[in-house]
Amino acid sequence: MSNAITQGIRVTVRAQYVADRSSPSAKQYVFAYTVKISNEGSATAQLRTRHWVITDGDGKVQEVRGDGVVGAQPLLEPGQSFEYTSGCVLPTPRGTMQGTYQMYRTSGESFDATIAPFALSLPHSLN
């Protein structure tokens, strides 16, 4: 699990291995992750873009950039949260993810909300 707060925006992530969608013999390990974005600050903020850095167990890095998350660009008033689940496929049984969400305020200010690193790993696997 990861947890980070940037300018009042808290991002928490929980990840799990999805065994029934994975194929270790084909080097396909599927992970699901659930993200909760909470506005704990006093100003409204909208998530506009995402930037993920995904590192597999061999150290290969893949970067993913795009608009919004799961087809949405949530507008979060103070006290509101948005939660979604997505997934990632790795060629190794372990890896990490981290990144940022670019947030915009109604004042025109923008900032990057940190997504703290979190592990992607098979249950009971060693580092």
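Here, every reference points to the structure presented above.
Cut-offs used in this document
- Residues numbered from 1 in each chain as written.
- Predicted model: local features only at pLDDT ≥ 70, side-chain atom pairs only at ≥ 80, totals over all residues.
- Heavy atoms only, no water.
- Helix = DSSP H or I, 4+ residues; strand = E, 2+ residues; numbered from the N terminus.
- Buried < 20%, exposed > 50% of the residue type's maximum accessible area, 1.4 Å probe, protein only.
- Pairing = 2+ DSSP bridges.
- Axes fitted to C-alpha atoms, helices over the stretch in contact; angles between N-to-C directions.
- Polar contact = N/O pair within 3.5 Å; in protein donor to acceptor, adjacent residues only side chain to side chain.
- Contact = heavy atoms within 4.5 Å.

## Some details on unusual backbone geometry
Across residues other than glycine, the phi torsion is negative in most instances, and most of the peptide bonds are trans. Of note, Lys27 is a non-glycine position whose phi angle comes to about 55°, a positive value. Within the secondary structure layout, Lys27 lies in the loop between strand S2 (9-17) and strand S3 (29-39).

## A few points about the pairing of S3
Of all eleven residues that make up S3, ten are buried, and the element is covered over most of its length. Of the pairings in the sheet, the one linking S2 to S3 comprises nine bridges and is antiparallel in character. Counterpart to Tyr17 in the pairing with S3 is Phe31. Sheet topology note: the S3/strand S7 (residues 81-90) ladder contains ten bridges and is antiparallel. The residue bridging Thr34 from the neighbouring strand is Thr85, located in S7.

## As for the sheet that holds S2
Read from one edge to the other, the open sheet built from four strands follows the order S1-S2-S3-S7, with strand pairing classed as antiparallel. With one partner strand each, in any of the chains shown, strand S1 (2-6) and S7 form the two edges of the open sheet. On average, each strand axis in the sheet is tilted by 20° relative to the strand beside it, whichever way the strands run.

## Quick word on the environment of Gly108
Within the secondary structure, Gly108 sits in the loop between strand S8 (94-105) and strand S9 (110-121). Taking C-alpha positions, Gly108 is 20 Å from Ile5, a pair spaced 103 residues apart along the chain.

## Some remarks on the side chain of Ser22
Counting through the fold element by element, Ser22 comes out in the loop between S2 and S3. The buried category is assigned to Ser22, whose relative accessible area is 13%. A polar contact of 2.8 Å, which involves the side chain of Ser22, links it to the backbone oxygen of Val18. Among the polar contacts listed, one links the side chain of Ser22 to the backbone nitrogen of Val30, at a separation of 2.8 Å. Once you skip the residues sitting within four places of it in the chain, Ser22 turns out to touch Tyr17, Gln28, Tyr29 and Val30.

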